[in-house]
Amino acid sequence: MTIPNSEGFLSDASCLPCTPEEEKETVLSLIKEADANMKDGDLYCLVSFSWWMNWKTYVGFDISNTITENGTHYNPRPGEIDNSKLILEETSNGPTLQRNLQEGSDYTLVPREVWIKLQEWYKGGPEIARKVISDGEVRKTKVVEVYPLWLQLTDERNYSKTTIQISRKATVGELYRTVCSRCGIDEEKAELYDNYLSCRKKLENLDATLEDAGLQLDQEILLAEKKSEWNPWPSSSSGMDSTGNSMAVIALEPPTSPISIAGGPSLSNGFSYKGYGANYLQPTSFGSPNRDRDRDLDSNLDDVYSLGLGSSHGGRKVDDRGLVGLHNLGNTCFMNSALQCLVHTPQLVDYFLKDYTEEINKDNPLGMQGELAMEFGDLLRKLWSGGHTPVAPRNFKAKLARFAPQFSGYNQHDSQELLAFLLDGLHEDLNRVKKKPYIEIGDSDGRPDELFAEECWRNHKARNDSIIVDVCQGQYKSTLVCPVCSKVSVTFDPFMYLSLPLPSTVTRSITVTIFSGYGDGLPMPFTVTVPKAGQAKDLINALATACCLKSSESLLLAEVYEHKIFRYYENPFEALLNTKDEDLIVAYRLPAGHEKLVRLEITHERADGSESEPQYTHYSRKLIGSPLVTCIPPDQTSRANVHAAVATVLKPFVRTKAYPTNGSSSDEKRATVSVDSGPSLDSIVLHDGEGGASTSNSMEIEQDQFMVDINLEEEMIDGPSGQEEEEKKGESSELKYPFILALTDDKGMGKKPMDPENNEKNLFDRGSRFVRLMMDWTEKEMDKYDVSYMDNLPEAFKAGYMSKKTRQEVVTLFSCLDAFLKEEPLGPDDMWYCPKCKEHRQATKKLDLWKLPEILVVHLKRFSYSRYMKNKLDTFVNFPIRNLDLSKYVTPAAACPNPLLYRYELYAVSNHYGGLGGGHYSAYAKVEDGWYDFDDSRVSSVSNEEDVRTSAAYVLFYRRVPLENCDLTVGCDSSPPSEIPIF
């Protein structure tokens, strides 16, 4: 089958290799096979994400996005594959990727077998292939190395510069072979040096991976020739040749900018301030295997910075503890932000500056053999050692990649996810419990909450006992209630941090256009707020309140797509998560109990182009407007009744000129009759038996009194006086039935004109409750009715004005806590097994804070992910800096003898600036009495503590205020206005 209008992506002789369904099945089969047999060295290819989504829509990966009619797709076939936006430059060794690309927003990964098929079908490119590698030390996982290492090679024989692209899992020996092959030098004569920040360190362990050797993205390495006794100077010849090596080598100019790839400066500012740890520094014998090498590196860096090369303050020496930045190693700002918050946690500083080796748990199967804790402690000591130069956390990143492969490579990650891993990993590495006892989880069995909570905490401590548990873990109460048998289940669980939803992430605004099935008003859009995880009934209730729905009325929700009703929300428990922002949602006001009536769904079409006469062919007409819905009694389904119902529901759309003030032309009479004659749904009274309906011959319509007019024909055939007889005959049929209506199917394809002889007979089966009509609009109808009111329906949520308004809204930390602790039903995918019903139930869940830790970590959930979109909220959250009082949120409040134990003060903030994928992380931290901004290697003072309260705040770190420091006269500086004023 040749594609019509396929110019631009297929040649004239090209034909579709297979149908969309066949393409889908082929790709799914290849992906399933590749994923099941994935091994190191397999190739995966990058595909433009926008092109991939267009293809998925075309082949019907998501049935809600693909509407088909007899095999014909509304969604067009995508053109050629275009990966150009992923490419920085083309080289002889293949394309070079743009930096900071994100999977799922910029590209998707497909097995190379899939790429071959897609290119066969669609052409385009270029091909961007990447290898599968094994990542992780304890938990091995297969990942695609999208960004291999880029190493800046300087050949000291002639000072030429090139770029080496090689896998971070390659060994140092492989790097030697690659470099020597490219530079034309024997391996026995070559020496390679790690020249990070101009500090030479020879690469000697040929079996170590480049990642374990500490080599990072864009790092400089040096090639030198071994010196001989008779010739101490290296050769000046270039020695370059071009062998067929698969590694990319690209000519590179010397770097001219000190800016790292994440946008942060590569050198730091230092500020003089006294910090923690002055009395705790002592020599130790434990640390990482590279401790001596790093000490030499830091010593060399001190020499560099002592010359004033690393300071923007005229070379002023900065030696204050705790004010040291971290170098960005390539999109590691997320890691630097999280680390700065942790290393400025007072209890952790005190702990890791002392000898903690006795608590290292190397036998914990859930830990990392103590290596993560040792590396973290080593890094913390460097940051508090009094040096003034930024620290390169290369060993820590390498260790992190070994045990948490999700953080390997050079993609941007989430600082909160890293924090969660670090806190849990440090706990397991420092767990004082060497052998965890088996403890069966019991139920409260009606015991008081205080006793059961204490028992749960003892059981938790019996298996988990570390510095992290001591200072960072609290306890909350979880209550589940079965909606069927009212069974109540209470558990007490530990928490390491609180993930608080922003109010705007708990609810969503949906705009719905309400049409009247009575014909008493024009369509009206209403914007209501509903729970994001709510159901269709929540939306109906909100709309009923907004439009002042009468008790005798009900709303029928529907989604409109391509001028047709795509689906009805007939299940009141349907999840609103399935409703996308771009959907067109409508509601129809109908009588309560309209299910007992016959529902008429009226879709509209008109001639396409220059056609003016109605023809019942699909391709000569186009759909217009939005469908209308009304109801008629089951015993009044004659042709006249149907036309009367259509006339009634169209009445609000009549143009002003259609109402005559005088005169009696046939056109005027026709306009009057077709509008003013029809059933009023207000008059329909439903009974358990057969419903009845009175009739009315009056042309005056009175709301709530007019009944279905079964004598419509008699009124319509009364022509104006003075008409010629032949004119009456010619217009008789049109006067009787003013609209061109046909019965149609759910796809609007087949049409069956109404039988003119069936005026008095019921057109539908008596058991029929749903009839679809297609109304053909001619120029006369277009002149008579204003169809623009049916067009341009608003989307469910329109980005722009509402999103700008959201950014201006101010919420408090307390409103986030209220949303977190609010009782809500579980989602349909998170059902609870009721032990009494012996079935899974959609129970209601309520959380309460029970026990608060010394260090309270609060995560503001700014990022939202769904099936269709990713979003970041820049809502400003007004959070306290001093005197955060949580006493009213702790249950029971009377359990604590002193409510001052629930007062906290802020000491660190992890910030995220920008949007998804392209943002930047930094941190604020309090050192003694001053606040500092830690932006990778740059450290600067914050003059006003209020400046740390920004819309970029992502993770908040609070410490409990010591009782001797509590000011009883000062309230919380960010409490709800109704209770404590905001200072």
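The structure we're discussing is the one just above.
Here the structure is a predicted model, which is why all the values come from computation and not from measurement. (Residues numbered from 1 in each chain as written. Predicted model: local features only at pLDDT ≥ 70, side-chain atom pairs only at ≥ 80, totals over all residues. Heavy atoms only, no water.)

Visitor: Quick question: what am I supposed to make of the packing of aromatic side chains here?
Guide: Geometrically, a pair of aromatic rings is defined through the distance of the ring centres and the angle of the planes. In total, this model carries 20 aromatic pairs according to the counting rule given. Ring centres 6.2 Å apart and planes at 25 degrees place the aromatic pair F334 and F407 in the stacked group. You can see F334 sitting in helix α6 (residues 333–343) and its partner F407 sitting in the loop between α9 (394–403) and α10 (415–429), a full 73 residues away along the chain. Of the residues examined, F334 reaches a relative accessible area of 3% and is grouped as buried. The class for F407 is buried, based on a relative accessible area of 4%. With centroids separated by 5.9 Å and ring planes inclined at 75 degrees, the aromatic side chains of Y568 and F770 adopt a geometry described as edge-to-face. On the criterion of sequence distance, the pair formed by Y568 in strand β23 (residues 564–568) and F770 in strand β29 (residues 770–777) is long-range, its members being 202 residues apart. F770 gets classed as partly exposed once you look at its relative accessible area, which sits at 30%. Chaining the aromatic ring pairs together yields one cluster made of Y351, F352, Y356 and F376. When the ring centre of Y568 is taken as reference, the NZ or CZ atom of R599 above it lies at 4.5 Å. Above the plane of the ring of F770 lies R599, whose end atom (NZ or CZ) is 4.8 Å from the centre. (Phe/Tyr/Trp six-rings, centres within 6.5 Å; stacked < 30°, edge-to-face > 60°. Helix = DSSP H or I, 4+ residues; strand = E, 2+ residues; numbered from the N terminus. Buried < 20%, exposed > 50% of the residue type's maximum accessible area, 1.4 Å probe, protein only. Lys NZ or Arg CZ within 6 Å of the ring centre and 35° of its normal.)

Visitor: What is the right way to read helix α8 (residues 371–383) from this model?
Guide: Every α-helical turn comprises 3.6 residues, leaving residues that sit three or four positions apart pointing alike. Compared with an ideal rise of 1.5 Å per residue, which puts 13 residues at 18 Å, α8 spans 18 Å between its outermost C-alpha atoms and is within 8% of the ideal. Restricting attention to buried positions, one finds in α8 the residues L372, A373, M374, E375, F376, G377, D378, L379, L380, R381, K382 and L383. (Expected span 1.5 Å × (residues − 1).)

Visitor: Could you clarify how one ought to interpret helix α15 (residues 639–650) in this entry?
Guide: Compared with an ideal rise of 1.5 Å per residue, which puts 12 residues at 16 Å, α15 spans 17 Å between its outermost C-alpha atoms and is within 8% of the ideal. The buried fraction of α15 is high, at 12 of 12 residues. The set of residues buried in α15 consists of R639, A640, N641, V642, H643, A644, A645, V646, A647, T648, V649 and L650.

Visitor: What exactly am I supposed to notice about the packing of α8 against α10 here?
Guide: Packed helix pairs are specified by the crossing angle of their axes together with the interaxial distance, meaning the distance between the axes. Taken N-terminus to C-terminus, the directions of α8 and α10 make an angle of 110 degrees; their axes are 8 Å apart at the nearest point. Accordingly, the angle class assigned to the pair α8 and α10 is roughly perpendicular. Classified by chirality, the crossing of α10 by α8 is left-handed. Packed against α8, whose contacting residues are E371, L372, A373 and F376, the element α10 presents F421, L422, G425, L426 and D429 at the interface. Of the residues assigned to the contact of α8 with α10, the class counts are 6 nonpolar, 1 polar and 2 charged. (Axes fitted to C-alpha atoms, helices over the stretch in contact; angles between N-to-C directions. Parallel < 35°, antiparallel > 145°, perpendicular 65-115°, else oblique. Left-handed = near helix turned anticlockwise from the far one by under 90°. Contact = heavy atoms within 4.5 Å. Nonpolar A, V, L, I, M, F, W, Y, C, P; charged D, E, K, R; others polar.)

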